[in-house]
Structures are given as structure tokens and as C-alpha cells.
Amino acid sequence: MAAVIMYDGEDIPLKDKKGGAFLKTELLVGEQAFVVFSEPTFKRKWDLLYEACSWCTVFQCREFVETWYEIYREEYVPVLVIATQDTHLVGLLAMALPRICVDEHGILRKPGRIVGAGQYDAEYQCWLSDEEHGEGFIKEALRKIVSNFRGCDIHFRYLPPTVPLAWARADAYWRSKLVIQPASRPLMVTGSPQFSKLLTKPEFKNKANRLRRLGKFCFEVVTQKSCFEEILPELVIQYDFRQGAMFNKNQFSENPLKTRFLLAIFEKNLLHVSVLKVDQKIMAAIVAVAGRGWVHLGGINTHAPYKARYYSPGFVHFIMLGKQLADSGGAVFDLTPGGDAYKERLATDHDLVYEMVLPGNAVSRAKRQVKKYLFNRLVRAGKRPMSVELALRKEAYVLKVKLRSVLSPSLAISKLLTKQTESVQIRPEMNRSDESQIKVQENDLKALLVYKPSKYDLSRWEFLESAMHRLEAGDTCYTWSSAGQLKACAWLIGSAVGSEVSAPAETPMLELIYCQPEAKALLPAFLSAVARRIQKENQAPVYVQSMCSGDLSR
């Protein structure tokens, strides 16, 4: 019996374009999909279709999709469309809907956004099929989803360049429904004539030599799970610190499932993990999804921020990873869309990928069209759309934080009046009775990440952004954290930056930028402990300048 779908109020049987056997399409939601996934025969058919599909990426392979569905089972409901002809699987579209949008039977409770399986963990989202059924299958699959989930947007993050899209442009019906936005994708193609020039760049050689002078310098590819498990916590801290400073996001700390997912797909040989080390300390790392001869940037891309402006460990690591891929026969290092300046410095080639959205209603469609128009205007003006959007989002965030003080002026003025800006000499020999309660950390990203501002403190975004820039410039941070909270934070001002020759000893100056109200009683003990640590290397008196409330005279 041929499957039947609704198209503009008319029933249309799904027959292939050559007049052969009917195609049977099925929409499987939630537990229905999990039951199908457990069938060995279906697994084999999926694998065969994946191998036969000319345009898909590793993000559509069965191991990746099944693992993501299982790990995020409590957050997303599978929305799977499959097409069969006789006994052959000829089409598969794996999507997902937030679980809060459907009831226990998979019936839509409220409209939401249907996304490609993998959501942000999958850089590219598309359907599996062959050349014969590629266009017909996706049209039928979209109609099935629309008819069962009315009002929901259907969002494909990025479609690969070779995915069949002629139907979306030629068919008036789909042309009026879909919003398609092209995006430039930077690539490091190891076979390109431009690739060898990256290895001879003076900037790369200079930065690599600086890192070598720090100690034992090495580039490693991680292949053992035990090693990956050992280094992953540090990579997560580095990544969340940078993401928090740049985008006000904390992806791993807010969702531990991301760590579970990476470990799970590492076991399935879907990750390429590389690290750059100096004296066994991780200076940079990339955890990328790999398959079909491609390595896709996206999982974790991080580097240690300490004096990063001078050493540029991230830049060095990218080029060394490219060399390793070339030596091992890897064809393409996908730097992924976004317009980031560092990606353009590393790219040897570019192509186009496509964001595609099928809006669920007229309002959503209008918003998407406006966004597309603004995106194109910014690109033509030579501006990076993501940077403009981020700047606007940050301004709105900071304004919201500042308004809190304006709405309670008496408290804000009270805090301002208690700030001390004079410099006070710290006496390390004092406050030793409280020393047992203080544990000073130096340049500890984990301590900075647990900063929790009160209503009138610097916002977390601004705090982390400032910390990142100061660490990159070479300043030294001293913190005291306890019970998952930052108690106090001070910076050593005037640290030597970008110098490999010891500078003459100068009077050390600390800038106290934060003290938790509940920790003020032990603030002098914290500063004394910091001064003792500094004076181990510099015998000059240590002074502190307070940028927050607190009594420094004890």
C-alpha cells in the first residue's frame, strides 16, 4: 500500500519518477524511532545508504545520530522520516524536537523549533538519499513533518555544498515557503598549493620558536580513551572560560551531557583529538568530529590564555594540525562558517554552505526574511554579521545590569562611597592566624569561572572578558575560591609581557577587583598570603589598590 501525504489539500501517492515501485514514507516520532534504531537490519540499511549518499557528512552517519539521540533522550524527541522502495532504504531524514513541545505520545503540545539531529553538535544537517530520490524524498519528508507539527519552524543549521537544492529554487511552492541563506565556508585543503605557504609563514615560525623556548614542546594526537578522559576536564575549563568571556556562554558547565556525548563518539572513532603541550602543560587543543576524509572544527577549540598574545598557541596548533592531517592522508580541515578573522588567516580555499529554514507561520517567515536581508547588507558592507549581532547582544546585557543599580540608587551610591582607591602596603607577616582558611590560586581559570556577582558587582560577562584579556596580555591573577564560589580576586599589575629577558625588580602593585561580602573578614589574610607568594620572587614591598569595598587596614 503506498503511503499518502497531504499537499495543498490533495492526496498524492508517492511513486518514483520512473514509474517503478511505490515509495513508502514513514514518520517515526519518539519511542517509535528508538524501536527502529534497535533493529540490526535497519542499522545495516542506514549504513549502506550513508555510504551511497554523495552529499552527506559524518554528522549523518548512524553512529553519530544514534548516540546523540540516546545521550539527549531527556531533552529532545527524535523526529525521523524514512522512505523505502521494496525492501531498500532510499531516504532518511533525522530531526529532533525539544521534549517540552510534545506529550508522552509524541503529539505536539506547543510549537517549537525542529532541528537536525545533533543540534549544535552537528555542524551540517541534511538528508540521506541517492541521486534518483534525493529531491523527491526531502519534499515528501518536509510535508510529513509540517502536517504533523503545524506551527513549528524546521531548521537545518547548514546544508553541505553538494546537497540537491534545485527543487527549492525551481518549484514556486517551495520557493515561497523556504528561507535559504548562503554562507562562505573557509577550508584548509591540504592538497592546495596555498597549504605549503602556511608552514613557511614567518609568523608561524616565530610563534613556534617562542613556545619551544618555554620548555619541551610537542604536538600529540590522542588515540586512547583513558588519555582523552584525563585531559578532557582541563579542555572543558579552558573552553568554557573563553566562551564565557567572548559570548557569555558556559556550554559544558551548564550541560554535562556535552561531555558524555564527546566521550561516547570518541569511542566510536568519530573524533580527532590533538593537543599542543609545553612541559606536559596543555597550551592548545582541538576536539573535532572526523569522517569521510574531513575533519570538522566545532567540538572543542581552545588554548591556554596565559600570555597568548605573545605566544599564540592556538594559531600554532592549527597549522601543526593541518600538517599532521596532510602527513596522514587527510584531505580537508573544515574551519566552519562564521567569518572569524583567524579562520580567514588559515584558509586555503572557500566554498558555500546553506542555512535553510521552513518557517512555521507568517510571523516567523517575516523575521527570517528580515534577518536574511540584514545579513546580506552587512556582508556587502564588509562587516561580519555575527560580530554585529554579538555586540548588540552584549550592549543590551550590560545595559540591563547597569539599570539594576539605577533602580536602587541608594544602594549603588553606598557601594560607590565604600570603594577605596588609595594604595596600602601589605604586611605579609600579619594575619597568619587566618592563613589556614586561605588557599591562594594563581592564574586558575576554574576559580574565575565560579565568580557569582551580587546585584551591584561587575557582570559575569564583563568580569570574564576582562580576565581573559589581562591573562592574554601577561598579567597574573590571584584568587581565593571555596565551596564552589569565588571569594576574592586580585591582579598583579605591570607583569612583564612578551619579554624573554627579566625586567628590573619594581615595586609590585596588586589591584583588588573583587571580594565577596561574606569574605571581607578574611580579606587581609588573603592579601597577606598573596604578598608572601609574590615576595618569594621579589623582595620589594607589595602594595594593593582596592577597586572594591573592604577594609585593607587590618
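The shown structure was predicted, so the numbers you read here are calculated from the model rather than taken from an experiment. All residue numbers refer to positions counted from 1 along the written sequence of the respective chain. With the structure being a predicted model, the display of local features is reserved for residues of pLDDT at least 70 and the display and counting of side-chain atom pairs for 80 or more, all residues being used for whole-chain, interface and lining totals. Hydrogens and waters are ignored; side-chain quantities use all the structure's heavy atoms.

(A) Expanded view of helix α2 (residues 40-52). Given a rise of 1.5 Å per residue, 13 residues ought to cover 18 Å, and the 19 Å separating the end C-alpha atoms of α2 matches this to within 8%. Only protein chains enter the area calculation, which uses a 1.4 Å probe; residues under 20% of their type maximum are buried, those over 50% are exposed, and those in between are partly exposed. Segments assigned H or I by DSSP are reported as helices when at least four residues long, segments assigned E as strands when at least two residues long, and all are numbered from the N terminus. Buried within α2 we find F42, W46, L49 and Y50. Across the axial projection of α2, the buried residues extend over an arc of 100°, all falling on one side. Exposed residues pointing more than 90 degrees away from the buried face of α2 are listed as P40, R44, L48, E51 and A52. The inward-facing, buried residues of α2 contact α1 (31-37), α3 (62-71), β4 (76-85), β5 (88-98) and β7 (128-129). Here the expected span of a helix is defined as 1.5 Å times the quantity of residues minus one. To be clear, the arc concerns the directions from the helix axis to the C-beta atoms. By the convention used here, residues are in contact when the closest approach between their heavy atoms is within 4.5 Å.

(B) Summary view of the nonpolar core. Residues belong to one nonpolar core when they are buried, are Ala, Val, Leu, Ile, Met, Phe, Trp, Tyr or Cys, and are joined through side-chain atoms within 4.5 Å. In this structure, W127 and F228 are the most contacted members of the largest nonpolar core, which totals 96 residues. Residues M188, V278, Y311 and I319 belong to the second largest nonpolar core, which totals 29 residues.

(C) Region of the structure containing the packing of helix α9 (residues 225-247) against helix α19 (residues 460-473). Following both chains from N to C, one finds α9 and α19 inclined at 115°, their axes separated by 7 Å at the closest point. Between α9 and α19 lies a crossing whose hand is left-handed. On α19, the residues touching F241, R242, G244, A245, M246 and F247 of α9 are W461, L464, E465, A467, M468, L471 and E472. Here the nonpolar group is Ala, Val, Leu, Ile, Met, Phe, Trp, Tyr, Cys and Pro; Asp, Glu, Lys and Arg are the charged ones; every other residue, Gly included, is treated as polar. Here the contact of α9 with α19 is built from residues that sort into 9 nonpolar, 1 polar and 3 charged. Fitting a line to C-alpha atoms yields each axis, with helices limited to the stretch in contact; the angle taken between N-to-C directions then spans 0 to 180 degrees. Handedness of a crossing is defined here by the sense of rotation of the near helix relative to the far one, left-handed for an anticlockwise turn of less than a right angle and right-handed for a clockwise turn.

(D) Examining the sheet that holds strand β18 (residues 476-482) more closely. In this description, strands pair whenever DSSP reports at least two bridges between them. On the basis of which strands lie adjacent, the open sheet formed by 6 strands has the order β16-β21-β20-β19-β18-β17 and mixed pairing. Every interior strand has two partners, whereas the edge strands, β16 (423-426) and β17 (440-442), have only one. On average, adjacent strands in this sheet sit at an angle of 30° to one another, irrespective of strand direction. Taken together, the 7 bridges between β18 and strand β19 (residues 485-493) define a ladder with antiparallel strand orientation. Bridging across to β19, W480 finds its partner in A488. Contacting β18, β19 and β20 (509-515), α19 crosses the sheet at an angle of about 35° to β19.

(E) Layout of helix α4 (residues 134-148). For α4, spanning 15 residues, the distance from its first C-alpha to its last is 22 Å, which sits close to the expected 21 Å at 1.5 Å a residue. Residues of α4 that are buried: G134, F137, I138, K139, E140, A141, L142, R143, K144 and I145.

(F) Here's a closer look at a nonpolar patch on the surface. Each patch is built from salt-bridge-free residues with over 30% relative accessible area, joining like charges within 9 Å and nonpolar side chains (Val, Leu, Ile, Met, Phe, Trp, Tyr) within 5 Å. A 1.4 Å probe and the Shrake-Rupley method give the accessible areas. Residues count as covered only by the protein chains that appear here. Salt bridge criterion: a side-chain nitrogen from Lys or Arg within 4 Å of a carboxyl oxygen from Asp or Glu. A surface patch of nonpolar side chains, about 300 Å² in accessible area, is lined by V370, Y373 and L374. Within the fold, Y373 resides in helix α15 (residues 362-380). In this structure Y373 comes out as partly exposed when scored by relative accessible area, which is 47%.

(G) View of the pattern of salt bridges. For the structure shown, the criterion picks out 23 salt bridges. Where R62 meets E63, a salt bridge forms, and the shortest distance between an N and an O atom there is 3.7 Å. When its relative accessible area of 14% is taken as the criterion, R62 is described as buried. On the basis of relative accessibility, which here comes to 28%, the residue E63 falls in the partly exposed class. As a salt-bridge pair, R185 and D334 come within 3.9 Å of each other at their nearest N and O atoms. Taken as a pair, R185 in strand β9 (residues 179-189) and D334 in strand β14 (residues 332-334) lie far apart in primary sequence, 149 residues in all. Residue D334 is classed as buried on the basis of its relative accessible area, which comes to 0%.

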